[in-house]
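Working through the structure, step by step
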Amino acid sequence: MATACFATLDTSNRFLTTSGVPVIMAVWFRYLFQALSTTAFLLPLRGRAGMRTAHPRFQVLRGLLLATSSVFAFFSLKHMPVAEFTAIVAISPLAVTLLAAALLGEHVSRLRWCLVAGGFAGTLIIIRPGSDHFGWTVLLPAVVVLLNVGFQLLTSRLARTEDAFTMHFYTGWVGTLAASLALSFFWTALPDWRLWAGLALVGLAGTTGHFLLILAFMRTTASTLTPFFYAQIAFAMLGGWLVFSHIPDGWSLAGIGLIGVCGVLSAWLTAHEAKSRPSPALPIKVQPAES
């Protein structure tokens, strides 16, 4: 259900940005909806204690990383179909593996390196020379991947001591305040009620998706959940077909499938390794591609 919400978010974003809605305006609505709804839920449930954090600077940095990622994601969706964009950003969990090995010195097996290489190969197939997506626009989802990796690593660090709802609260308000700084330069009147409805759907889908994701993490491990994240690619393809009548070509479908297979196998390998360790370390909580 969370991945369906995130695919709905991305599909709505593409509809809005290709219809003339400024990206910053869409980002502002997306985070304002999350900030207000999370506050309305958190304060009656936990009071001021729900806003207490031991790492305010990390909370702000985490919120800025996700907000910046959203800006690049919205720009990406303005120029790329939803399915292809989602598949490229779906290599984020594989990129986390690469970064953990390079910067944190974690041991990575030969099979996992093969899966990382396979996911990267799938991305190259999608953005191959001669395709509709080969050009400067492929840099946009690449930046989203890098920002998502940083966001996920920081999330893993904070999740050890911070409450999930508190993190959700700060993410919403940091994103809202950051977008508000630039909103006056991009605000425009929207003549069509469908655009306002699309903005409301963006906020609802993003907030609901994150809330469902929190509930999922409260009930099971990241390694159990990760394979389900790749269902977002299928939902993205469905949304692209229903709203834009877009179906990826054969090569793009092959690249999308390769990324999905490598991602699911990597998640299975993580779960298998976690069961075989007598004292497993806290796993990195990898989140699905979202905006």
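Small disclaimer: the values here were computed from a predicted structure and weren't measured.

With a phi close to 55°, S245 is a non-glycine residue in the positive phi region. The topology assignment puts S245 in the loop between α11 (231-244) and α12 (250-276).

With eight of its eight residues buried, helix α4 (residues 82-89) lies for the most part within the structure. Of all the residues in α4, the buried ones are V82, A83, E84, F85, T86, A87, I88 and V89.

Counted according to the given criterion, the structure contains nine aromatic pairs. Here the aromatic rings of W28 and W187 are separated by 6.1 Å at their centres, their planes lie at 85°, and the arrangement is edge-to-face. Taken as a pair, W28 in helix α2 (residues 23-46) and W187 in the loop between α8 (164-186) and α9 (193-219) lie far apart in primary sequence, 159 residues in all. Overall, W28 belongs to the buried group, its relative accessible area being 16%. Each ring, one from F165 and one from F211, has its centre 6.1 Å from the other, and the planes form 50°; the classification is tilted. Pair noted here: F165 is in helix α8 and F211 is in helix α9, with a separation of 46 residues, a long-range link. Over the aromatic face of F244 sits the side chain of R14, whose NZ or CZ is 5.2 Å from the ring centroid. The ring of Y31 has R30 lying over it, and the distance from NZ or CZ to the ring centre is 4.2 Å.

What counts, and at which threshold
- Residues numbered from 1 in each chain as written.
- Predicted model: local features only at pLDDT ≥ 70, side-chain atom pairs only at ≥ 80, totals over all residues.
- Heavy atoms only, no water.
- Helix = DSSP H or I, 4+ residues; strand = E, 2+ residues; numbered from the N terminus.
- Buried < 20%, exposed > 50% of the residue type's maximum accessible area, 1.4 Å probe, protein only.
- Phe/Tyr/Trp six-rings, centres within 6.5 Å; stacked < 30°, edge-to-face > 60°.
- Lys NZ or Arg CZ within 6 Å of the ring centre and 35° of its normal.

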